[in-house]
Amino acid sequence: MVKKVVQGRARTDFATAVQRIFSVLESGEPYTLNKLSRESKLNFRTVKKVIEFIQKTQRTFLEKAVEVSSTSDNMTIIRIRDRSGLAFYPDNIQKLIIKTSYYPTASREEEILVYLLMVNAIDINKAVSIPGDTKLRELIEAEHVAETAGGRYYLTSDGQMIARGAVELYPELKSITSTKEPW
């Protein structure tokens, strides 16, 4: 907490004031500005300014999103973008919409990829035996799965990425090794 003494009074910086008010409001109870001022031990005018700031930014972030990214030369890039389409919704809702609209159930290929991921068949040394079929051949042709000379299979780096995405979209596939094998 940063306090500055001005004319014999200690002043709380704005960021600390925002944090204090949020910690008081976390209880979910309703507060008047006066009560919030007492509970947070902040000046009434400071509380009023913080609440106005929160209201304005809350409206902004319903429609906009702040993106913060780092470049390879250690620069930080910050920008505000409009939320539109699926980006308007939180990540968990986006995934739910995509899953129910386009991919309600996992494909056989995804089941095979996730199975290989769950048994940790992620390189040639950890390859496993599974029955070959047309779907497995398609995965090999797409370079998502690789086959060893001994007829064992493992995920390529692309296959691992796809399998992880499938697990995110279909978390129920995590149990694929304990309940059934995908063939």
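Residues numbered from 1 in each chain as written. Predicted model: local features only at pLDDT ≥ 70, side-chain atom pairs only at ≥ 80, totals over all residues. Heavy atoms only, no water.

Section: the pattern of salt bridges
One pass over the structure, following the stated rule, counts 4 salt bridges. Here Arg108 ties to Asp133 by a salt bridge, and the two come within 2.2 Å at their closest N and O atoms. Of the two residues, Arg108 sits in helix α5 (residues 108-118) while Asp133 sits in the loop between α5 and α6 (134-141), which places them 25 residues apart along the sequence. (Salt bridge = Lys/Arg side-chain N within 4 Å of Asp/Glu carboxyl O. Helix = DSSP H or I, 4+ residues; strand = E, 2+ residues; numbered from the N terminus.)

Some details on the environment of Ile122
Inspection of the secondary structure puts Ile122 in the loop between α5 and α6. By relative accessible area, which is 24% here, Ile122 ends up partly exposed. On a C-alpha basis, the gap between Ile122 and Tyr153 in space is 9.0 Å, while along the polypeptide they are 31 residues apart. Aside from chain neighbours lying at most four places away, what touches Ile122 is Leu117, Tyr154, Leu155 and Gln160. (Buried < 20%, exposed > 50% of the residue type's maximum accessible area, 1.4 Å probe, protein only. Contact = heavy atoms within 4.5 Å.)

Notes on the confidence of the model for the protein
For any part of a model where pLDDT is low, the fine detail of the predicted coordinates should not be relied upon. Averaged over every residue, the pLDDT of the protein is 85; residues scoring 70 or more account for 89%. Per-residue pLDDT, averaged within each element of the protein, yields its smallest value for strand β1 (residues 3-6) (54) and its largest for strand β6 (residues 153-155) (96). (pLDDT = per-residue confidence, 0-100.)

Some words on the nonpolar core
Looking at soluble globular proteins, one finds that nonpolar side chains tend to be buried together. Leu116, Ile130, Leu136, Val145 and Leu155 are the most contacted members of the largest nonpolar core, which has 25 residues in total. Contributions of two or more residues to this core are made by α5, α6, β5 (145-147), β6 and α7 (157-169). Top contributing element to this core by residue count: α5, with 6 residues. Aside from chain neighbours lying at most four places away, what touches Val145 is Leu113, Leu116, Leu136, Leu139, Ile140, Tyr153, Tyr154, Leu155 and Thr156. In terms of nonpolar packing, the next biggest core, distinct from the first, is built from 9 residues, Ala17, Leu42, Val50 and Ile54 among them. (Core = buried A, V, L, I, M, F, W, Y, C linked by side-chain atoms within 4.5 Å.)

Considerations on the packing of α5 against α7
Where α5 meets α7, the closest approach of the two axes is 9 Å, and the angle between their N-to-C directions is 100°. The orientation of α5 with respect to α7, classified from their angle, is roughly perpendicular. Residues Glu110, Leu113, Val114, Leu117 and Met118 of α5 lie in contact with α7, whose contacting residues are Gly159, Ile162, Ala163, Arg164, Ala166 and Val167. Taken together, the residues of the contact of α5 with α7 sort by class into 8 nonpolar, 1 polar and 2 charged. (Axes fitted to C-alpha atoms, helices over the stretch in contact; angles between N-to-C directions. Parallel < 35°, antiparallel > 145°, perpendicular 65-115°, else oblique. Nonpolar A, V, L, I, M, F, W, Y, C, P; charged D, E, K, R; others polar.)

Topic: the packing of helix α1 (residues 14-25) against helix α2 (residues 33-40)
At a closest axis distance of 10 Å, the pairing of α1 and α2 adopts a crossing angle of 105°. For the element pair α1 / α2, the angle class is roughly perpendicular. Contacts between α1 and α2 involve Arg20, Ile21, Val24 and Leu25 from the former and Leu36, Glu39 and Ser40 from the latter. Considered class by class, the residues forming the contact of α1 with α2 number 4 nonpolar, 1 polar and 2 charged.

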